[in-house]
Amino acid sequence: SKPFQSEAELLTMCCPLRPTTFLKLRKDDLKVDEDGDPYILVRKEIQKNRSNYKIKNKADYKIPITPPMQRVIARIYRQYLRDERFRFVPWLFPSPKINWERIGEPNYMSSKKTRLKNLTSIRKAIRKLTGLRHTTKVSRKTFITNDVNKNYETLLNQAIEQTAQM
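Because the structure is a prediction, the values reported are computed rather than measured.

**Q** Describe the overall build of the protein, with residues and values.
**A** The number of helices and strands found in the protein is 5 helices and 3 strands. Taking all 166 residues of the protein together, the buried fraction comes to 33%. Counted over contacts in the protein with a minimum sequence separation of 6, partners at least 24 positions apart contribute 53%. A total of about 11400 Å² of accessible surface is found on the protein, and carbon and sulfur atoms cover 53% of it.

Here you go:
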């Protein structure tokens, strides 16, 4: 059992963020707007600059939470119920290797030592169970493919409706 790691891997397949970014999310980055729609606030501190030029006005931005993302987030909160100690860790994806004897130390719970840093061990477990080589690129391609298929279906339905009206 790999608590929080399997949920992180699932989120890779339905979220536009890279794992290096969403593993740095805090619980309080999950928010609800005025209309009641949930979203993820991606803070500028956790964004990685992927361009060759420095972005001067890098700012926080919002990602709407889709139904597949909502299911993954519900699974994360079920993990918190399994072990009550994880409720006190501010990270959305806490590390299973937290030193519980150090929780009283100042700043320990909010340090990098209490969050997941990568998905290497879950990928090894998937490889061992399935015999397939599984990488971040495969999971991200799943998200991109699903997103493209969804847009294709929407465009196809619009084209069909327009054709029907002729």
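**Q** Residues and numbers for a positive patch on the surface, please.
**A** Together, Lys2, Lys97, Lys112, Lys117 and Lys128 make up a positively charged patch on the protein surface. Within the secondary structure layout, lysine 117 lies in the loop between helix H3 (67-82) and helix H4 (120-130). Overall, lysine 117 belongs to the partly exposed group, its relative accessible area being 45%.

**Q** Describe the nonpolar core, listing the residues and the values that go with them.
**A** Within the largest apolar cluster, 31 residues are counted, with the highest numbers of intra-cluster contacts made by Leu11, Phe22, Met69 and Phe93. Looking at this core, the elements that each hand over two or more residues are helix H1 (5-14), strand S2 (38-42) and H3. The dominant element in this core, judged by the number of residues it contributes, is H3, at 5 residues.

**Q** Describe unusual backbone geometry, with residues and values.
**A** For phenylalanine 4, which is not glycine, the phi dihedral falls at a positive 70°. Here phenylalanine 4 shows up in the segment before H1. The exposure class assigned to phenylalanine 4 is buried, which follows from its relative accessible area of 0%. For asparagine 107, which is not glycine, the phi torsion reads 70° and is therefore positive. Within the secondary structure, asparagine 107 is located in the loop between H3 and H4. Assessed through its relative accessible area of 62%, asparagine 107 is described here as exposed.

**Q** Lay out the packing of aromatic side chains with the relevant residues and their values.
**A** Taken as a whole and judged by the stated rule, the model has 5 aromatic pairs. Relative to phenylalanine 86, the ring of phenylalanine 4 has its centre 5.1 Å away and its plane inclined at 70°; by these criteria the two rings are edge-to-face. With a gap of 82 residues between them, phenylalanine 4 in the segment before H1 and phenylalanine 86 in the loop between H3 and H4 connect regions that are remote in the sequence. You can call phenylalanine 86 buried: its relative accessible area is 6%. Plain terms: the ring middles of phenylalanine 22 and phenylalanine 93 are 5.7 Å apart, the flat faces sit at 50° to each other, and that makes the pair tilted. In this pair, phenylalanine 22 sits in helix H2 (residues 19-22) while phenylalanine 93 sits in the loop between H3 and H4, placing the two residues 71 residues apart along the sequence. Grouping residues by exposure puts phenylalanine 22 and phenylalanine 93 together as buried.

The rules behind these values
- Residues numbered from 1 in each chain as written.
- Predicted model: local features only at pLDDT ≥ 70, side-chain atom pairs only at ≥ 80, totals over all residues.
- Heavy atoms only, no water.
- Helix = DSSP H or I, 4+ residues; strand = E, 2+ residues; numbered from the N terminus.
- Buried < 20%, exposed > 50% of the residue type's maximum accessible area, 1.4 Å probe, protein only.
- Contact = heavy atoms within 4.5 Å.
- Areas by Shrake-Rupley, 256 points an atom, 1.4 Å probe, with all protein chains shown as cover.
- Patch = residues over 30% accessible without salt bridge, like charges linked within 9 Å, V, L, I, M, F, W, Y side chains within 5 Å.
- Salt bridge = Lys/Arg side-chain N within 4 Å of Asp/Glu carboxyl O.
- Lys, Arg positive; Asp, Glu negative; His and termini not counted.
- Charge placed at Lys NZ, Arg CZ, Asp CG, Glu CD.
- Core = buried A, V, L, I, M, F, W, Y, C linked by side-chain atoms within 4.5 Å.
- Phe/Tyr/Trp six-rings, centres within 6.5 Å; stacked < 30°, edge-to-face > 60°.

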